[in-house]
Amino acid sequence: MSDSAASIARPVFRIVALQLTIAVLFSALVALFAGVGKGWPAAMGGAIAVMGSLVYALIVTRANGDPKAIFRRHFRAEMVKLFITAVLFIAVLVLFPSAASVWLILGFAVTTLAYWFSLLAV
């Protein structure tokens, strides 16, 4: 990995690590205060957001220095992230019908907000 690719990869993977930390903390707090039955859907929502971001990060960090290639890679990464997110939501709702709750959405939303706010700091 070149120095420029490494300089891109570090912040991107730090953001994913922050998202994972927020997802774990949020779902643990939900489980502690609202019950384990609500903590699991929150964890699943957070996991969906983290997996989408991880796939995005893996695709984007392979970009080279060509601006057009970087733009195409970011666009492709975002489309794959949206597709993975939709597929994972559908899978969770089909495999775990009891997870269809506000906690699933809140887990996803809190973890996604962590992603957006961490982008402001990078």
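Residues numbered from 1 in each chain as written. Predicted model: local features only at pLDDT ≥ 70, side-chain atom pairs only at ≥ 80, totals over all residues. Heavy atoms only, no water.

Asker: Account for the UniProt feature "transmembrane region" (unreviewed entry) in the protein chain, with residues named and values stated.
Answerer: Look at the UniProt record and you will see "transmembrane region" (unreviewed entry) annotated at residues 12-34, 40-59 and 79-96. With 100% helix and 0% strand, residues 12-34 has its two end C-alpha atoms placed 32 Å apart. For residues 79-96, the end-to-end C-alpha separation is 25 Å, with 94% helix and 0% strand making up the annotated structure. (UniProt positions renumbered as here; feature names shortened; annotations may be inferred. Helix = DSSP H or I, 4+ residues; strand = E, 2+ residues; numbered from the N terminus.)

Asker: Let's hear about helix H3 (residues 67-95): which residues, and what values?
Answerer: For H3, spanning 29 residues, the distance from its first C-alpha to its last is 41 Å, which sits close to the expected 42 Å at 1.5 Å a residue. Here H3 has its buried residues at Ala 69, Arg 73, Ala 77, Lys 81, Thr 85, Phe 89 and Val 92. (Expected span 1.5 Å × (residues − 1). Buried < 20%, exposed > 50% of the residue type's maximum accessible area, 1.4 Å probe, protein only.)

Asker: An account of the packing of aromatic side chains is needed here, citing residue identities and associated values.
Answerer: The tally for this structure, following the rule as stated, stands at one aromatic pair. Between the aromatic rings of Phe 89 and Phe 108, the centroid separation amounts to 5.0 Å while the plane-to-plane angle is 70°, which identifies the pairing as edge-to-face. Remark: Phe 108 occurs in helix H4 (residues 102-121) and Phe 89 occurs in helix H3; sequence separation between them is 19 residues. A cation over a ring is seen here: Lys 81 above Tyr 56, with NZ or CZ 5.7 Å from the ring centre. (Phe/Tyr/Trp six-rings, centres within 6.5 Å; stacked < 30°, edge-to-face > 60°. Lys NZ or Arg CZ within 6 Å of the ring centre and 35° of its normal.)

Asker: Quick rundown of a positive patch on the surface? Include the residues and the values.
Answerer: A cluster of basic residues, Arg 62, Lys 68, Arg 72 and Arg 76, forms a positive patch at the surface. Along the polypeptide, Arg 72 turns up in helix H3. (Patch = residues over 30% accessible without salt bridge, like charges linked within 9 Å, V, L, I, M, F, W, Y side chains within 5 Å. Areas by Shrake-Rupley, 256 points an atom, 1.4 Å probe, with all protein chains shown as cover. Salt bridge = Lys/Arg side-chain N within 4 Å of Asp/Glu carboxyl O. Lys, Arg positive; Asp, Glu negative; His and termini not counted. Charge placed at Lys NZ, Arg CZ, Asp CG, Glu CD.)

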